[in-house]
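Next come the chains, spelled out residue by residue.
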Amino acid sequence: MESPSPDGGGAGSAASAAGSPVAPRVVVGSKKFTESVILGEMAAQLARAGGARAEHRRELGGTRILWEAVLRGDLDVYPEYTGTLRREILAGEPAEGEALGRALAARGLSMSAGLGFENTYAVGMRRDRAQALGIRSLSDLSRHPGLRLGFSHEFMDREDGWPALRRTYDLPQRPRGLDHDLAYRAVASGNLDATDLYSTDPEIRAFGLAVLADDRRAFPEYQAVLVFRSDLAARAPEALASMRRLEGRISAAAMLEQNARAQLDHVPEARVAADFLGRELEVRSEARAEGRAARVLGRTLEHLGLVGLSLAAAVLLGVPLGIAAFRRPRLGHLLLGAAGVVQTIPSLALLVGLIPLLGIGARPALFALFLYSLLPIVRNAESGLSGIAPELRESALALGLPPWARLWLVELPLASPSILAGVQTAAVIGVGTATLGALVGAGGYGQPILAGIRLADPALILEGAVPAAALALAVQGGFGLLGRALVPKGLRLPPPRE
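What counts as what
- Residues numbered from 1 in each chain as written.
- Predicted model: local features only at pLDDT ≥ 70, side-chain atom pairs only at ≥ 80, totals over all residues.
- Heavy atoms only, no water.
- Helix = DSSP H or I, 4+ residues; strand = E, 2+ residues; numbered from the N terminus.
- Buried < 20%, exposed > 50% of the residue type's maximum accessible area, 1.4 Å probe, protein only.
- Contact = heavy atoms within 4.5 Å.
- Areas by Shrake-Rupley, 256 points an atom, 1.4 Å probe, with all protein chains shown as cover.
- Lys, Arg positive; Asp, Glu negative; His and termini not counted.
- Charge placed at Lys NZ, Arg CZ, Asp CG, Glu CD.
- Expected span 1.5 Å × (residues − 1).
- Core = buried A, V, L, I, M, F, W, Y, C linked by side-chain atoms within 4.5 Å.
- Pairing = 2+ DSSP bridges.
- 1 Å grid on protein atoms, 1.4 Å probe; cavity = no way out; pocket = protein on both sides within 12 Å on 5 of 7 lines; lining within 4 Å.
- Points joined across faces, edges and corners; volume = space filled by probe spheres on them.
- Nonpolar A, V, L, I, M, F, W, Y, C, P; charged D, E, K, R; others polar.
- Salt bridge = Lys/Arg side-chain N within 4 Å of Asp/Glu carboxyl O.
- Polar contact = N/O pair within 3.5 Å; in protein donor to acceptor, adjacent residues only side chain to side chain.
- Axes fitted to C-alpha atoms, helices over the stretch in contact; angles between N-to-C directions.
- Parallel < 35°, antiparallel > 145°, perpendicular 65-115°, else oblique.
- Left-handed = near helix turned anticlockwise from the far one by under 90°.
- Patch = residues over 30% accessible without salt bridge, like charges linked within 9 Å, V, L, I, M, F, W, Y side chains within 5 Å.

Trainee: It is not clear to me how the overall build of the chain should be interpreted in this structure. Could you clarify?
Mentor: Counting its secondary structure elements, the chain contains 21 helices and 12 strands. Along the first, second and third principal axes, the C-alpha set of the chain runs to 85 × 70 × 50 Å. Within the chain, the fraction of its 498 residues that count as buried is 51%. Put simply, of all contacts in the chain between residues at least 6 apart along the chain, 75% involve residues at least 24 apart. Carbon and sulfur atoms make up 59% of the accessible area of the chain, which amounts to about 22,700 Å² in all. On the chain, the mean spot of the 53 positive side-chain charges and the mean spot of the 50 negative ones are 5 Å from each other.

Right, dumping it as structure tokens:
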């Protein structure tokens, strides 16, 4: 199998130097829940069977991230649901019936026919709790204002989620937002009374939950489809035709079975998809699986790339800004204030906000990490220069050194312990923050952590968390050695006495 082309975004057929065509590149995306990952894997494997070099960018956060990515051309195709398209993405536009296809076409997108099953929103409770309170439908929730409701963050914000539910049933509760997979466990343990479900979630059976009847039809129809860029028909017609073989072939029971294999039996999604395609479509597909050591090595290289490149850029800009802040105090207040404001922006919000400008992948993660690294570097450079004793400056001035020489030979060496401490702080912050880059397709240690939370697999969580912690400790130790090399011996702090 050929490796994907290094070019960014959706790529089409190209010609080699000799003029012979090469396989078109197809980029498939999926959301951060098991069913979407399985469907994305099916699409990617079918695209390969259709002769394409397919890449699956899995677990890319929520709906808006994938929608923006496919509009930009960073993705070629991803699994979606008709109710989400009508009520969330295209809210306020005519999108019923054939109008949905026209609305997508106006954006350069198309949609497959239904894949054969519906995965609608629902609300569930522990069966014994629902029976004790006499709750059978969503209308019954209004009679129990003290119920503890907890919904996924996306459900809380989506127009077809909690706002529609509250409006339709006039619910008085004030739910809390939390991760979808954690909410299931909170309901099962009794820490929550009800949460949002997807109707094909295997946890409904595994935890013995009661699904409350949507007696006033708050939730629309959610037929599973593939949304793809319209130019894919010209760029990769055989791959698109292969992916469209999924139309009408997946029943709700079959999808529930695939979800259960991945979610409860911990079978890798690639294997689940390959087994289904071989059984139902007679497509022989290779479920490529890496060993743990190879996975950790790959994630380590991705994580080091994110932290190293962003930190290098922050040092190159942050130290000169720190010097400028020291030389011009008024400008310094503005620079430090601006860097401080960036630190107050939640990292997930910053990452998502950068997608329309930079797309998905490493670019938004690198830029976000760069911004977060600036404050400690700028602040420590400014404070290190400000803390130099006046008599030392006067001595350098008395020697007749020009300004650049005073800075390079006297001031920066004297301020180097403070500057290096700022760079070390930025590096350690970067190691932790870079794990969120997985939500926008940047890879790194966040990928197994997110998958482990989704699959309730502690081994997967540790596969990302332990190396991340080890890397943070290694960074601290590495800066200790770097300080011995860069900081003049007389400026080093003496070792503590035993």
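There's plenty left to go through after this.
Trainee: Would you explain helix α1 (residues 34-49) in this entry?
Mentor: Helical periodicity: at 3.6 residues per turn, an α-helix aligns residues three or four positions apart in one direction. Its 16 residues place the ends of α1 23 Å apart at the C-alpha level, agreeing with the 22 Å of an ideal helix rising 1.5 Å per residue. Of all 16 residues that make up α1, 15 are buried, and the element is covered over most of its length. One or two steps after α1, the chain reaches Gly 51, where phi turns positive at roughly 90°.

Trainee: Can you walk me through the nonpolar core in this structure?
Mentor: In a soluble, globular protein the nonpolar side chains are often hidden away together inside. Counting 61 residues, the largest nonpolar core has Trp 67, Leu 75 and Leu 85 as its most contacted members. The residues contacting Leu 75, other than those within four sequence positions of it, are Val 27, Val 28, Gly 29, Arg 57, Leu 60, Leu 66, Ala 69, Val 70, Arg 229 and Ile 360. Phe 33, Ala 43, Leu 226 and Ala 262 belong to the second largest nonpolar core, which has 58 residues in total.

Trainee: Got a minute to help me understand the pairing of strand β7 (residues 121-126) in this structure?
Mentor: When a strand is regular, its side chains alternate between the sheet's two faces. Of all 6 residues in β7, 5 are buried; the element is thus mostly enclosed. As defined by bridge partners, β7 adjoins strand β11 (residues 209-211) across 3 bridges and the pair is classed as antiparallel. The partner of Met 125 across the bridge, within β11, is Ala 210.

Trainee: What's the story with empty space enclosed by the protein in this structure? I'm lost.
Mentor: Rolling a probe over the atoms, with the probe sized like a water molecule, indicates the empty space that remains. A full pass over the atoms with the stated rule returns 3 cavities of 30 Å³ or more. Approximately 110 Å³ is the volume found for the largest cavity. Forming the boundary of the largest cavity are 13 residues, of which Tyr 81, Thr 84, Tyr 121, Arg 158 and Tyr 198 lie nearest the centre. Of the residues belonging to the lining of the largest cavity, the class tally is 5 nonpolar, 4 polar and 4 charged. The calculated volume of the second largest cavity comes to roughly 80 Å³. In this structure, the second largest cavity is lined by Phe 33, Thr 34, Glu 35, His 180, Asp 181, Tyr 198, Asp 201, Pro 202, Glu 203, Asn 259, Gln 263 and Arg 454. Going through the elements one at a time, α1, α8 (180-189) and α12 (252-263) are the ones with two or more residues in the lining of the second largest cavity.

Trainee: When you look at the pattern of salt bridges in this model, what are you seeing that I'm missing?
Mentor: For side chains bearing opposite charge, pairing can occur when the charged atoms are close. This model, assessed by the stated rule, comprises 27 salt bridges. The partner of Glu 98 in a salt bridge is Arg 102, and the shortest N-O contact between them spans 4.0 Å. Here Arg 102 and Glu 98 lie together in helix α4 (residues 98-105), a separation of 4 residues that amounts to about one turn. Comparing Glu 98 with Arg 102, the two get one shared label, exposed. Between Arg 126 and Asp 128 there is a salt bridge, with its nearest N and O atoms 3.0 Å apart. Judged by relative accessible area, which is 43%, Asp 128 ranks as partly exposed. Residues participating in the shared-partner salt-bridge network are Asp 76, Arg 229, Asp 231 and Arg 235.

Trainee: Looking at this model, I keep getting lost on the side chain of Arg 53. Mind explaining?
Mentor: For Arg 53, the position within the fold is in strand β4 (residues 53-57). Reaching out from Arg 53, the side chain makes a polar contact with the backbone oxygen of Ala 23 at a distance of 2.9 Å.

Trainee: Just checking my understanding: could you explain the sheet that holds β11 for this structure?
Mentor: As a general point, the strands of a sheet are linked pairwise by backbone hydrogen bonds and lie either parallel or antiparallel. Taken together, the 3 strands give an open sheet; going across it, the order is β10-β7-β11, and neighbouring strands pair in antiparallel fashion. In this open sheet, the two edge strands, each paired with only one partner strand, are β10 (194-198) and β11. Pairwise comparison of adjacent strand axes, ignoring direction, gives a mean angle of 45° for this sheet. Strands β7, β10 and β11 of the sheet are contacted by α8, whose axis makes an angle of about 130° with β10.

Trainee: For this particular structure, what's the right way to read the packing of helix α16 (residues 347-358) against helix α17 (residues 362-386)?
Mentor: Angle between the axes and distance between the axes are the two parameters that describe a pair of packed helices. Running from N to C, α16 and α17 point in directions that differ by 130°, and their axes come no closer than 9 Å. As the angle between them shows, α16 and α17 are arranged oblique. When the axes of α16 and α17 are compared, the crossing they make is right-handed. Facing α16, whose interface residues are Ser 347, Leu 350, Leu 351, Leu 354 and Leu 358, α17 presents Arg 363, Pro 364, Ala 365, Phe 367, Ala 368, Leu 371 and Tyr 372. Residue composition of the contact of α16 with α17, by class: 10 nonpolar, 1 polar and 1 charged.

Trainee: Just checking my understanding: could you explain the layout of surface pockets for this structure?
Mentor: The computed volume of the second largest pocket comes to approximately 660 Å³. Gly 61, Gly 62, His 153, Glu 154 and Leu 348 are the residues nearest the centre of the second largest pocket, which is lined by 24 residues in total. Only α2 (63-72), α6 (153-157), α8 and α16 provide two or more residues apiece to the lining of the second largest pocket. Looking at side-chain class alone, the lining of the second largest pocket contains 9 nonpolar, 6 polar and 9 charged residues.

Trainee: Sorry if this is basic, but what is going on with the pairing of strand β5 (residues 77-81) here?
Mentor: With respect to burial, β5 is a largely interior element, 5 of its 5 residues being buried. A two-sided burial pattern is seen for β5, the buried positions comprising Val 77, Pro 79 and Tyr 81 on one face and Tyr 78 and Glu 80 on the other. Here 5 bridges tie β5 to strand β12 (residues 224-229), and the two strands are oriented antiparallel to one another. Across the sheet, the residue bridging to Tyr 78 is Val 227, located in β12.

Trainee: Explanation requested: a nonpolar patch on the surface in the structure shown.
Mentor: On the surface, a nonpolar cluster with roughly 300 Å² of combined accessible area is contributed by Leu 297, Leu 301 and Leu 304. Inspection of the secondary structure puts Leu 301 in helix α14 (residues 292-327).

Trainee: Can you walk me through the environment of Arg 279 in this structure?
Mentor: Inspection of the secondary structure puts Arg 279 in helix α13 (residues 269-281). A sequence separation of 62 residues divides Arg 279 from Arg 217, and the C-alpha atoms of the two residues are 36 Å apart. Beyond its immediate stretch of four places on either side in the chain, Arg 279 contacts Glu 257 and Gln 258.

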